[in-house]
Amino acid sequence: MFARVSTYRPAPDSTGEPSADTVRQVLALPGCQGIYYLRGKDDKSLSLTLWDDEDALTASRPAVDRIREETTAEQHMEILGVDEFEVLTHQLRE
């Protein structure tokens, strides 16, 4: 599994929360396993998307770049960075 973490700074008047349409578009991409959106107390937000494998992560870049640009414009956010990782451990307690 692989992950992409995007870091944002929402404008003071923005919740920064992605729209349901944005979430739907990301989840519809081949190989996408899920999306998390986190808002910190330091006026920084993160989105975390999970992908089946490195091929799915790589193939998603053009679509995700477009979605990210559209969402940040709509939500008045600044993109601070985008990083990609291999997920070495994953487990959720049931």
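The numbering scheme is per chain: residues are counted from 1 as the chain's sequence reads. Note on the predicted model: pLDDT of at least 70 is required for a residue's local features to be given, and 80 or more for side-chain atom pairs to be given and counted; whole-chain, interface and lining totals, by contrast, use all residues. The side-chain values count all of the structure's non-hydrogen atoms but skip hydrogen atoms and water molecules.

**A look at the overall build of the protein**
Numbered from the N terminus, helices here are DSSP runs of H or I no shorter than four residues, and strands are runs of E no shorter than two. In terms of regular secondary structure, the protein is built from two helices and four strands. Secondary structure of the protein in N-to-C order comes out as β-α-β-β-α-β. Principal-axis analysis of the C-alpha atoms gives the protein an extent of 35 × 30 × 25 Å. In the protein, which comprises 94 residues, the share counted as buried stands at 36%. What makes two residues a contact is simply this: any of their non-hydrogen atoms within 4.5 Å. In the protein, 70% of the contacts between residues at least 6 apart in sequence involve partners at least 24 apart. Only carbon and sulfur atoms are counted for the fraction: they give 52% of the accessible area of the protein, which is about 6,200 Å². Only four residue types enter the charge count, namely Lys and Arg as positive and Asp and Glu as negative; His and the chain termini do not. By convention, the charge on Lys lies at NZ, on Arg at CZ, on Asp at CG and on Glu at CD. Distance between charge centroids for the protein: 5 Å, based on 10 positive and 18 negative side chains. Three labels apply to residues, based on accessible area from a 1.4 Å probe with only protein chains included: buried if under 20% of the type maximum, exposed if over 50%, partly exposed otherwise in between. Methods summary: accessible areas were calculated by the Shrake-Rupley approach with a probe of 1.4 Å, and residue burial reflects only the protein chains presented.

**Section: the nonpolar core**
Remark: nonpolar core denotes a set of buried residues (Ala, Val, Leu, Ile, Met, Phe, Trp, Tyr, Cys) joined through side-chain atoms within 4.5 Å. Ranked by size, the top nonpolar core spans nine residues in total: Phe2, Val26, Leu29, Cys32, Trp51, Ala56, Leu57, Val64 and Ile67. Ranked by residue count, the leading element in this core is helix 2 (residues 54-75), at four residues.

**Points about the pattern of salt bridges**
Any Lys or Arg side-chain nitrogen found within 4 Å of a carboxyl oxygen on Asp or Glu counts as a salt bridge. Enumeration over the complete set of coordinates arrives at five salt bridges. Salt-bridge contacts for Arg4 lead to Glu84; the nearest nitrogen and oxygen are separated by 3.1 Å. Here Arg4 is found in strand 1 (residues 2-10), whereas its partner Glu84 is found in strand 4 (residues 77-86), with 80 residues between them in sequence. In this structure Arg4 comes out as buried when scored by relative accessible area, which is 2%. According to the relative accessible area criterion, Glu84 is partly exposed, its value standing at 31%. Among the ionic pairs, Arg68 bridges to Asp65, the shortest N-O distance being 2.8 Å. With Arg68 and Asp65 both in helix 2 and three residues apart, the pair spans about one turn of that helix. Each of Arg4, Arg61 and Glu84 takes part in salt bridges that share partners, so that together they form one network.

**Looking at the side chain of Thr71**
As for its position among the elements, Thr71 is in helix 2. Each residue touching Thr71, except ones within four places of it in the same chain, is listed here: Thr22 and Met77.

**Here's the deal with helix 2**
The seven residues ending at a residue and the seven starting there each receive a fitted axis; the angle between those axes is the bend at that residue. The sharpest bend along helix 2 measures roughly 50 degrees and falls at Arg61, with the proline Pro62 sitting one to four residues further on. Residues of helix 2 that are buried: Ala56, Leu57, Ser60, Val64, Ile67, Arg68, Thr71, Thr72 and Gln75. Where helix 2 is buried, its residues contact strand 1, helix 1 (20-27), strand 3 (45-51) and strand 4. Downstream of helix 2 by a residue or two, His76 has a phi angle that is positive, lying close to 55 degrees.

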